[in-house]
Amino acid sequence: MAQKVRYPDRRRPSLFWVMSALVVPPFNLLTKYEITGTLPPTGTAVIAPNHYSDIDPLITGIAVWRLGRKPRYMAKASLFRVPIVGWFLRKSGQIPVERDRGAARRSNSMGAARELVERQSVVVVYPEGTLTREPDSWPMRGKSGAVRLALESGAPLIPMASWGAQALVPRYERKLHLRWRTPIQVRVGDPIDLSEFAGKHKSRAAVEEATRRLMVEITRLLEEIRDGQAPDELYDPAKHGESEFGLPVSLREQAAAKQGRVRRGRRRSGRESAK
């Protein structure tokens, strides 16, 4: 008889017990999870999922919790200044990250992440940095944060892919669509082999290659879930004239056009009222 794996991270009393009691039961009515793969029962790990919906952090967090670990995130520092929300973020061990690009800010945020790793925690880092710009929601070119964190800390880098969240919150939308028992599929892969990159976390070429391999593996996991074939090359927003942050250029143009129509309609309405 196989020995049952123990997950002390879940057994230790914490604010996560309260948060899971409030969030998980109602979310179970909205979703039906199918999770393949496991996480290390103890110790630190950097989890790198794909990002295709604004509800992804909740989808991933519940999956990590079901797999026996407490999820931590690198969250915008501004959220920590919001009453109540900031308290929950601090008490649950989330990491504040400043949005400006100053070297000191980056150093502070990565230092906080390393401290969290040293406490033997699981850290979720979205390597794409924002919602994928790939037209069919396949993973796009990744950023180096997840790889650098894994290399600097020695933590295993674990790829993860999920699919189904777009039915609840479509990409580029913030509105929740109430769909009962929406299928959510999650695949957890084996840790990425970073042995050849050990000690090279300051090498741009090494980090970029390791990040490419990570994104390729995340894409492979998503192909298994979607039973489809992703493009041969990772999507690069810069090569398609799109911003990596905010709405893609095409959607910004659509929004601007719509806003222009609304303004013209209001002006016409105002002129008619004046008559």
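Keep in mind that what you see is a predicted model, and the values were worked out from it rather than measured.

A. Structural detail: the pairing of strand β2 (residues 45-49). Among the 5 residues of β2, 5 are classified as buried, and the element is accordingly described as predominantly covered. Of the two faces of β2, the one lined by Ala45, Ile47 and Pro49 and the one lined by Val46 and Ala48 are each fully buried. Sheet topology note: the β2/strand β5 (residues 122-124) ladder contains 3 bridges and is parallel. Pairing of isoleucine 47 across the sheet is with valine 124, part of β5. By the bridge criterion, 4 bridges tie β2 to strand β6 (residues 157-163) in an arrangement that is parallel.

B. A look at the layout of surface pockets. For the second largest pocket, the calculated volume is near 180 Å³. For the second largest pocket, the lining is made up of 14 residues, of which Thr219, Ala230, Pro231, Asp232 and Leu234 are closest to its centre. Residue classes in the lining of the second largest pocket are distributed as 7 nonpolar, 2 polar and 5 charged.

C. View of the environment of threonine 44. Among the secondary structure elements, threonine 44 is positioned in the loop between β1 (31-36) and β2. Taking the relative accessible area as the measure of exposure, threonine 44 reaches 13% and is therefore buried. Sequence spacing of threonine 44 and proline 156 is 112 residues, and the spatial spacing of their C-alpha atoms is 7.4 Å. A distance of 2.8 Å separates the side chain of threonine 44 from the backbone oxygen of serine 121, its partner in a polar contact.

D. Structural context of the side chain of arginine 187. Counting through the fold element by element, arginine 187 comes out in strand β7 (residues 182-188). By relative accessible area, arginine 187 is classed as buried at 15%. A polar atom in the side chain of arginine 187 sits 3.4 Å from the side chain of glutamate 224. Apart from the residues within four sequence positions on either side, arginine 187 is in contact with Glu34, Thr36, Pro159, Met160, Ala161, Leu221, Glu224 and Ile225.

E. The arrangement of the sheet that holds β2 in detail. Here 7 strands make up an open sheet; going across it, the order is β1-β7-β6-β2-β5-β3-β4 and the pairing mixed. A single partner strand is all that each edge strand has here, and the edge strands are β1 and β4 (95-97). Across the sheet, the axes of successive neighbouring strands diverge by a mean angle of 25 degrees, strand direction being ignored. With 4 bridges connecting them, β6 and β7 associate as antiparallel partners. Counted as the bridge partner of tryptophan 163 is glutamine 185 from β7. Packed on one face of the sheet, helix α2 (residues 15-30) meets β1, β3 (71-76) and β7 and runs near 110 degrees to β1.

F. Region of interest: the packing of aromatic side chains. Counted by the stated rule, this structure contains 1 aromatic pair. Considering the side-chain rings of tyrosine 52 and tryptophan 163, the 5.0 Å spacing of their centres and the 35 degrees angle between planes classify their relative orientation as tilted. With tyrosine 52 in the loop between β2 and α3 (56-66) and tryptophan 163 in strand β6, the pair connects residues that are 111 residues apart, well separated along the chain. Residue tyrosine 52 shares its accessibility class with tryptophan 163, and that shared class is buried. If you follow arginine 226 out to its NZ or CZ, it ends over the ring of tryptophan 138, 3.9 Å from the centre. A cation sits over an aromatic face here: arginine 226 above tryptophan 163, 4.1 Å from the ring centre.

Cut-offs applied
Residues numbered from 1 in each chain as written. Predicted model: local features only at pLDDT ≥ 70, side-chain atom pairs only at ≥ 80, totals over all residues. Heavy atoms only, no water. Buried < 20%, exposed > 50% of the residue type's maximum accessible area, 1.4 Å probe, protein only. Helix = DSSP H or I, 4+ residues; strand = E, 2+ residues; numbered from the N terminus. Pairing = 2+ DSSP bridges. 1 Å grid on protein atoms, 1.4 Å probe; cavity = no way out; pocket = protein on both sides within 12 Å on 5 of 7 lines; lining within 4 Å. Points joined across faces, edges and corners; volume = space filled by probe spheres on them. Nonpolar A, V, L, I, M, F, W, Y, C, P; charged D, E, K, R; others polar. Polar contact = N/O pair within 3.5 Å; in protein donor to acceptor, adjacent residues only side chain to side chain. Contact = heavy atoms within 4.5 Å. Axes fitted to C-alpha atoms, helices over the stretch in contact; angles between N-to-C directions. Phe/Tyr/Trp six-rings, centres within 6.5 Å; stacked < 30°, edge-to-face > 60°. Lys NZ or Arg CZ within 6 Å of the ring centre and 35° of its normal.

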